[in-house]
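# Descriptive analysis of the structure
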Amino acid sequence: MAYSEILFMFVAGVTIISALGVVVSKEIVRSAAYLILALVGVAAAFSLMDSLFMAMIQLLIYAGAVMVLFLFGVMLTRKEAPAKRRRLLSRTNLSYLILSVVLFFLVARSGLMDTSVLGGIPGPVSAIAPSLYTEFKGVLYALAGLLVTVGLGAIYIVKKEANEGKNA
Amino acid sequence: MNPYTELLRLSPVGVLVLAQIILFVQDLVREDKRLSQYISAAALALTCLLSVYLASSGNTVSFANSTFVFNSLAYYFGVIFSLSALLVMLSAGSFLGRAEYAFEFSSLAILGVLGSFFVASSTNLVALFVVFEMATTATYGMVAYARRSKLSAEAAIKYFVVGAVSAGIIIYGISLIYIATGSVSISSVFSVTSQSSQLLDVGVILLIVGFGFKIAAFPFHMWLPDTYEGAPYPATTYLASVSKVMGFAALVRIFLVMGPAIYALGGLNWEVIFGLLSILTMTFGNLAALVQTSMKRMLAYSSIAMSGYMLIGLALGTSFSYAVLLYFMLTYAIAKAGSFIVAQFFESEHNAKSIDDYAWLARKSPLSAFSLTIMLLSLAGIPPLSVFVAKFFIFYASVQVGGYWILLAIAGVLNSALSLYYYARVIKNMYIGLAGESPPPQGPRLERIGYMIPILTCLVLTIALGLGEGTVIAVAKHAVTTLSATVF
């Protein structure tokens with residue numbers, strides 16, 4: 001068995017175990033932490049399959065942006081006060097440090113590495129931008145329309161009623 | 001191409017975009033409920049007229065690197081979308097008058113039509129998915145519009161969860177097709193490697209399942225009755241007309257162009273899948289509609305059954321059957337929107353919710369009761385009304401193909417006979433009341449003009465389209481042949 005296969009098994013195992021952890025763990029913050037681990041595992045699997053671009057998207061958008069949103073939501077809806085300030089050299093901060101170092105190296109390497117672009121032929125990551133903004137610009141326009149619609153609907157649903165402010 | 005010609009050919013969507021901007025500005029400076037309703041109705045009417053003109057004169061224009069190509073087929077669907085949304089906006093007056101905010105509903109209706117228009121014109125699966133989601137998201141907001149009503153919230157949640165799942169299935173199908181063919185464009189020519197032909201098949205099946213949720217084909221229909229019943233009436237009308245036709249538009253767009261190649265390369269007999277779905281859907285919809293007591297729910301189940309008849313057009317896969325399917329969708333959207341609008345009127349005017357509440361309504365509101373009668377008879381398939389003509393031609397198309405496909409026609413005829421029972425019950429209640437109940441003393445009341453405009457429009461169109469079917473089917477045939485002949 002090649003070492004990359006063993007690595008993949010390991011990554012897949014970690015991903016599955018942390019996905020189970022998301023469902024099993026009772027505390028919501030712990031679930032969120034497991035979810036981050038699962039998403040990072042998926043990113044690692046992508047990068048093992050030579051799809052570096054997908055790995056970065058996975059890290060930046062899911063493990064990054066979406067999880068921050070989740071944690072914000074958890075923080076805002078929880079009643080108890082936030083935990084006391086941690087020491088600088090805590091385990092959490094250490095994991096943040098490791099994650100950001102991994103991310104930094106991925107970003108730094110991305111210009112050099114080949115990745116699979118639309119069309120199935122592996123090529124440099126930089127080839128994605130022109131294809132996104134020229135060949136698929138119609139999709140980009142459509143996304144703008146989608147965002148307007150989503151924004152409008154979501155704002156309407158959470159909008160305060162006109163006379164609600166007076167009573168409150 | 002002359003820039004003015006290009007502008008003219010993009011004008012149906014241009015009008016909608018412009019109307020959207022005007023709506024935003026109007027809400028910012030004046031916040032006038034009536035005005036936003038009028039603006040959107042005027043824009044939809046203009047779009048409808050422009051689309052009728054462009055569809056009948058066979059124009060084509062491409063937009064954004066040919067990601068969207070507006071041809072006769074897209075304009076034809078545009079007519080259905082804008083006309084049904086216009087009917088919704090015309091009938092939404094009293095609902096929006098009572099609602100806290102009116103601007104968002106008009107806006108979402110416009111955005112939904114805009115998204116649907118682009119669905120009918122996209123030449124790329126990813127673009128199709130994005131605009132499909134745009135139109136679907138607009139309907140989520142509309143279903144949840146009555147924010148104080150628990151039913152509306154429940155309907156919206158059910159619809160949203162099913163919609164999200166089906167979106168996931170569609171995007172999964174698209175990615176499998178991409179892996180198999182190396183392309184996301186909807187084109188009649190593509191190639192697969194021998195190992196990945198099964199991937200193509202699985203991807204296509206996932207697409208059928210995903211869009212099956214939208215058109216509420218039999219095993220994927222569970223969300224529809226609850227959502228239609230819980231949503232406010234204008235949203236229900238919109239779902240039954242614009243949203244359902246959009247699901248068919250996506251399927252027609254994909255299978256009309258890619259269908260033959262899918263069969264040749266993947267070996268997947270998708271026509272048989274559509275045939276089975278069709279028989280199951282119409283039979284289930286009609287059987288379930290038989291036992292309903294609530295009018296709105298009965299109409300919801302009957303709209304499932306109508307999906308079944310329309311699926312015959314996809315199952316046969318001939319250019320004639322596609323043309324008849326296009327005609328069917330137009331007649332269905334008008335008759336269905338009309339019946340929901342009359343039901344809305346009766347609920348607000350006479351508080352009539354169940355079918356028993358419809359007793360003697362013909363004495364109180366004769367004109368709308370007559371319109372409902374005509375539209376229900378049309379849906380049941382009574383000549384010479386428009387849905388009858390559509391059903392007749394679609395059964396004729398299946399007999400023409402021959403072989404086992406005749407079974408579709410037989411199932412359709414039997415189901416039409418079955419459906420007459422529950423439609424006739426409503427008509428009987430309206431005209432001769434319930435057994436052992438005497439007619440009410442009061443005479444007819446003046447019917448509200450705000451409802452009568454859309455109701456009479458539907459009535460006139462239901463009769464006129466049945467008599468003048470030749471012109472519409474000729475346009476539809478032209479739209480289908482130009483699309484299948486062109487390679488994008």
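### Quick word on the packing of helix α2 (residues 33–56) of chain B against helix α3 (residues 72–91) of chain B
Residue and element names in this part refer to chain B. In contact at an axis separation of 8 Å, α2 and α3 are set at 155° when each is read in the N-to-C sense. When the axis of α2 is compared with that of α3, the two are roughly antiparallel. Judged by the sense of rotation from one axis to the other, the crossing of α2 with α3 is left-handed. Counting all contacts with α2, which are made through Q37, S40, A41, L44, A45, T47, C48, S51, V52, L54 and A55, the residues of α3 involved are S72, Y75, Y76, G78, V79, S82, L83, A85, L86, M89 and L90.

### Remarks on the interface of chain A and chain B
How big an interface is tends to be expressed through the accessible area that disappears when the partners come together. At the junction of the two partners, chain A supplies 28 residues and chain B supplies 29 residues. Carbon and sulfur atoms make up 67% of the area that chain A and chain B hide from each other, which totals about 2400 Å². Applying the counting rule to chain A against chain B returns one salt bridge. Scanning the region where chain A abuts chain B turns up six residue pairs in polar contact (both at pLDDT 80 or more).

### Examining the state of the cysteines
A full pass over the atoms with the stated rule returns zero disulfides over all chains. Not engaged in a disulfide, the cysteine C48(B) finds its nearest cysteine sulfur in C458(B); these two sulfurs lie 12 Å apart.

### Some details on the confidence of the model for chain A
Parts of the model with low pLDDT should not have their predicted coordinates read in detail. Summary statistics for chain A give a mean pLDDT of 77 and a share of 77% for residues scoring 70 or more. Taken element by element, chain A is modelled with least confidence in helix α7 (residues 164–167) of chain A, mean pLDDT 47, and with most confidence in helix α6 (residues 137–158) of chain A, mean pLDDT 90.

### Re the packing of aromatic side chains
As enumerated under the stated definition, the model contains 35 aromatic pairs over all chains in all. Ring centres 6.2 Å apart and planes at 35° place the aromatic pair F63(B) and F118(B) in the tilted group. Note that F63(B) is positioned in strand β1 (residues 61–63) and F118(B) in helix α5 (residues 103–121), a separation of 55 residues in sequence. Here F63(B) falls in the partly exposed class, since its relative accessible area comes to 27%. Here a set of aromatic residues connected by ring pairs shows up, and it is made of Y141(A), F63(B), F68(B), F70(B), Y75(B), F117(B) and F118(B). Between K159(A) and the ring centre of Y101(B), over which it is positioned, the NZ or CZ distance is 3.7 Å. Over the ring of Y233(B) we find K296(B); its NZ or CZ atom is 4.1 Å from the centre of that ring.

Definitions and limits used
- Residues numbered from 1 in each chain as written.
- Chains lettered and ligands numbered in written order.
- Predicted model: local features only at pLDDT ≥ 70, side-chain atom pairs only at ≥ 80, totals over all residues.
- Heavy atoms only, no water.
- Axes fitted to C-alpha atoms, helices over the stretch in contact; angles between N-to-C directions.
- Helix = DSSP H or I, 4+ residues; strand = E, 2+ residues; numbered from the N terminus.
- Parallel < 35°, antiparallel > 145°, perpendicular 65-115°, else oblique.
- Left-handed = near helix turned anticlockwise from the far one by under 90°.
- Contact = heavy atoms within 4.5 Å.
- Buried area = accessible area lost by both parts, 1.4 Å probe.
- Salt bridge = Lys/Arg side-chain N within 4 Å of Asp/Glu carboxyl O.
- Polar contact = N/O pair within 3.5 Å; in protein donor to acceptor, adjacent residues only side chain to side chain.
- Disulfide = S-S within 2.5 Å.
- pLDDT = per-residue confidence, 0-100.
- Phe/Tyr/Trp six-rings, centres within 6.5 Å; stacked < 30°, edge-to-face > 60°.
- Buried < 20%, exposed > 50% of the residue type's maximum accessible area, 1.4 Å probe, protein only.
- Lys NZ or Arg CZ within 6 Å of the ring centre and 35° of its normal.

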